[in-house]
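A structural walkthrough
The residues making up each chain are set out below.
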Amino acid sequence: MMMEFKNGLKLPLPKNIDTDLTEIRTESFGIVTGDFVSLKPTIVINEGEKIRKGDILFTDKYNRGLKFISNVDGYVKKIYRGEKRRLIAYHYEGESGPYHMKPNFSLNRLDKNNRSLLMDDLINSGLWISFRERPFDRVANPDHLPDKIFVILRDTRPYAPNYNKIIVDNLNYLLAGIKVGSCLTDGEVLIFKDNNLYVDIDLPNVKIIDISGSYPSSLVGTLINQFYPLNRNRRIWYIDYQDVIMIGKLYLDEVVDRKKIISYGYEKEQKLYLACEFSSIKGYFDEIIYNEDVRIIAGTPIYGRRVDDETMFLNRYINTVSVLKEVKERSFMGWLMPGLSRYSVKNVFISKIYPNKITFNTSLNGSYRPMLPIGSYEKVSMLNTPITYLLRSIITGDLEMAEKLGVLDFGEEDMAVFTFVSVGKIDYTVYLRKILDEIESEI
Amino acid sequence: MRKFFDKLAPYFHKGGRFERFFPIFEMVDTFLYDPLIKTEGKVHIRDGLDLKRTMIIVFFAILPTAIFGIYNVGYQANSAIFSTGIKPDGVRELIFNYLGFSHNPTDLFANFMYGLIFFLPLYLVTLVVGGFWEVLFAVVRRHEVAEAFLVTSLLYPLILPPDVPLWQAAVALSIGLVFGKEVFGGTGKNFVNPALFSRAILFFSYPQAITGNEVWVALDGYSKATPLSAFNEKGVEFGYTFIDGVLGLIPGSIGETSALLCLLGAIILVITGIGSWRVMIGMFLGMGITTLIFNIVGSDTNNMFNMPFYYHFVFGGFMFGLAFMITDPVSSSMTNGGKLVYGLLVGFMNAIVRVVNPAFPEGTMLAILFGNIFAPFIDSFFVNAYIKKRSRLYEGN
């Protein structure tokens, strides 16, 4: 099956980064709770205590699958808390590396009847958190049964690593991981890939779909909206290609190897790193030090978590680290200038003709204003939903309308593209989370 | 200058002495320099287009029509004065004479200057009255002044006849702005186009100011019909050609006479992506098809039935409405399909009002207002269609 997504956001930023791989050796690790939606942590190992690979660091009160497992031999360095003692980051230090773990079943004996033992393997290895669930965009709950599992073998985010190369290099592991995933649902496993990638899978409930299109065609919200729109009675899980590879490694090699390939982008400079999950990103920058002139983002410029000293660790779900210049000067009558360096999806700047000088910085590029639907949303939207009406119902808090129009398909990241193009500079990611929480509290 | 504003800023921010007037300070400050607002949250880069830029592009798209309109007001008046010998009097005449111009319709500058003497007071009144309401609501409601007024204030005088009494224009604008826009929450929340709504208020409150044959040329005691009313009365021998309509040296509302320059504005809006080509095409087709049907049907009693359908595109306010009025994104339909239907409906209504209603041979304004009211209704068909389609997908399990 093939699907071509039209529209989308074609940012003039590099994609498919493919450079030499540098391995990051750091002893500093940290779990930033902001990456996990509505996590309610229960600390198992406290500050200063020793930890070994495979130990449970902390868990979630409501989701037994959400367990954070140590990947180092070392100790818990510091637990940062914010207002009302809310956990912000969990720092630990020590020597990381792959370690042996024997799964309950070998790959050949896997089937749906021993699903719960299989889940235990994944939870105890710390790999379970790579499955996420929609509606509501949380870590998958092992007590739920998904209708479908979406396996995404693409990444159209700016500065994303060359995913096809990573997949081809680890094809055996990927296939093994997909086999594991296929045991977790009674429904279909949908594989979304580029059509030039050849994957040979012969499993009864696996369906391969070739996708083409720019950002955000690799985001799960776009795919859900197209292939399996959600309501309160439906549920899907989704997982990213590098996580599938890790699961494959566990079953093929019987090792827990939580290394990932992480791309790094700063304007025209790009690199690829091999780094362990949750590792510090301080070692990524040769010259740039953390200062007021730049913003370091665990993620991509279009969607990611801004880091500071306490949270300078990888984003669990986005395989990219990026750096962005902070805006410092107020340009004189910028709204009147030809705009050689400004980018817009609309043809309103000279930069549409001479795109060489486009730069991005952290400027809002305007002031906060009411929603003015001049068609920017439709221009970038890949969704079937009447997008202006969906966005309007989200910002006005019209739960009923939002739900009818498919708000349950989405997570915060899916709103990034609409936040980007908004003329009134409205942050739809914030409103989306709010409305999802409200709908969930109704159920 | 930057330093001066930075020094002033603390007085207007929270806790400052003039905190209440922050919207005014913000307006002036961000007019001169781009605001220094950094992105927060998880989306770190933003599109370069903001409301200021959007509105300035619309402003520039309208500008050629406005400049030509000013010239045409002077040209029409000077021609009338030249041919009839009526001597205008009043303050305007004094200023005109003081500046050393004479009523010579072949003198470009004299035409432009005489037009300016009529347009400028109207524009200033619009700016002052409209600006007053806009800022008042911004200060009381504690939100920032939205730039959309920049466009409304230019559009409003352009859709008025040159001779309209200033106080009537001001009263209508006040009612139109407050009840058409501000009470609903201001820019982005109005359901009708505020400039058109104000004009409708003027039309119903002071019909003598905006109808009849007296008002279209800026000369008291001189009456000349607009091409549309002329056609209504006389039929094909109405005294104008298609080219006259395209170029626009004809009597009419200040900005709407030149179809060519309106088309230029429409092209600017379509290329920049700020105006929707869907509503424009819709309106064009709606008008064209309906009037073509009227042409085919024909009528012995109503001349308008026999006006060739392509004449409808170039006479009256059709082109101006198509370029600048119907494209107002807030009061238009918002789904892609809805935009097309909305355009068709407005075009169709426009033709109906023009042709079938012999008392009022112009209908763009009413048609668009009518469309504004139906816009959400049109959208609801498309939105509901999606909701239905979606719920069918759920039925599988």
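My aim in this report is to walk through the structure given alongside it, one point at a time.

1. Focus: the pairing of strand β19 (residues 269-276) of chain A
All names here are of chain A. The sheet contact formed by strand β2 (residues 21-23) and β19 spans 3 bridges and is parallel. Note on β19: the bridge partner recorded for Glu-23 is Leu-274. Where strand β18 (residues 259-266) and β19 come together, 8 bridges link them in antiparallel fashion. By the bridge assignment, Lys-260 is partnered in β19 with Ala-275.

2. A word on unusual backbone geometry
Residues and elements named next belong to chain A. Of note, the amide linkage connecting Arg-134 to Pro-135 takes the cis form, showing an omega dihedral of 5°. Looking at the element boundaries, Pro-135 is found in the loop between β11 (132-134) and β12 (138-139). Residue Pro-216 is reached from Tyr-215 by a cis peptide bond, and omega for that bond is 0°. Among the secondary structure elements, Pro-216 is positioned in the loop between β15 (206-212) and α4 (220-227). In this structure, Arg-85 is a non-glycine residue whose phi angle is positive, near 60°. Mapped onto the elements, Arg-85 comes out in the loop between β8 (72-81) and β9 (87-96).

3. A closer look at the sheet that holds β9 of chain A
Spatial ordering of the open sheet is given by β3-β9-β8-β5 (chain A), a layout of 4 strands whose pairing is antiparallel. The open sheet has two edge strands, β3 (28-32) and β5 (50-51) of chain A, and neither has a second partner.

4. Description of the interface of chain B and chain A
Contact with chain B, which involves 49 residues of that partner, is made by 63 residues of chain A. Tallying contributions element by element places helix α17 (residues 364-394) of chain B first for the side of chain B that touches chain A, with 7 residues. The residue inventory of the side of chain B that touches chain A, partitioned by class, reads 23 nonpolar, 14 polar and 12 charged.

5. Some thoughts on the nonpolar core
Grouped together as the largest cluster of nonpolar side chains are 239 residues, with contacts concentrated most on Phe-150 and Val-151 of chain A. In terms of residue count, helix α3 (residues 51-84) of chain B provides more of this core than any other element does, 15 residues in total. The contacts of Val-151 of chain A, once residues within four sequence positions are left out, are Ile-178, Gly-181, Val-189, Leu-190, Ile-191, Phe-192, Ile-239 and Val-244 of chain A.

6. Comments concerning the packing of helix α8 (residues 194-205) of chain B against α17 of chain B
Residue and element names in this part refer to chain B. Between α8 and α17, whose axes approach to 10 Å, the crossing angle comes to 125°. One way to sum up the angle between α8 and α17 is to call them oblique. The way α8 lies across α17 gives a crossing that is left-handed. The residues of α17 that touch α8, namely those facing Leu-196, Phe-197, Arg-199 and Ala-200, are Met-365, Ile-368 and Leu-369. Its residues assigned to classes, the contact of α8 with α17 comprises 6 nonpolar, no polar and 1 charged.

7. Topic: helix α7 (residues 387-396) of chain A
Along α7 of chain A, 7 of the 10 residues are buried, which leaves the element largely enclosed by surrounding structure. All buried positions along α7 of chain A are accounted for by Ile-387, Thr-388, Tyr-389, Leu-390, Leu-391, Ser-393 and Ile-394 of chain A. Buried residues in α7 of chain A make contact with α6 (376-380), α8 (399-404), α9 (416-421) and α10 (428-442) of chain A together with α17 of chain B.

Here is what the cut-offs are and how they apply
Residues numbered from 1 in each chain as written. Chains lettered and ligands numbered in written order. Predicted model: local features only at pLDDT ≥ 70, side-chain atom pairs only at ≥ 80, totals over all residues. Pairing = 2+ DSSP bridges. Helix = DSSP H or I, 4+ residues; strand = E, 2+ residues; numbered from the N terminus. Contact = placed C-beta atoms within 7 Å. Nonpolar A, V, L, I, M, F, W, Y, C, P; charged D, E, K, R; others polar. Core = buried A, V, L, I, M, F, W, Y, C linked by C-beta atoms within 7 Å. Buried ≥ 20, exposed ≤ 12 C-beta atoms within 10 Å, placed from the backbone. Axes fitted to C-alpha atoms, helices over the stretch in contact; angles between N-to-C directions. Parallel < 35°, antiparallel > 145°, perpendicular 65-115°, else oblique. Left-handed = near helix turned anticlockwise from the far one by under 90°.

Treat this as a map of the structure, not an account of what it does.
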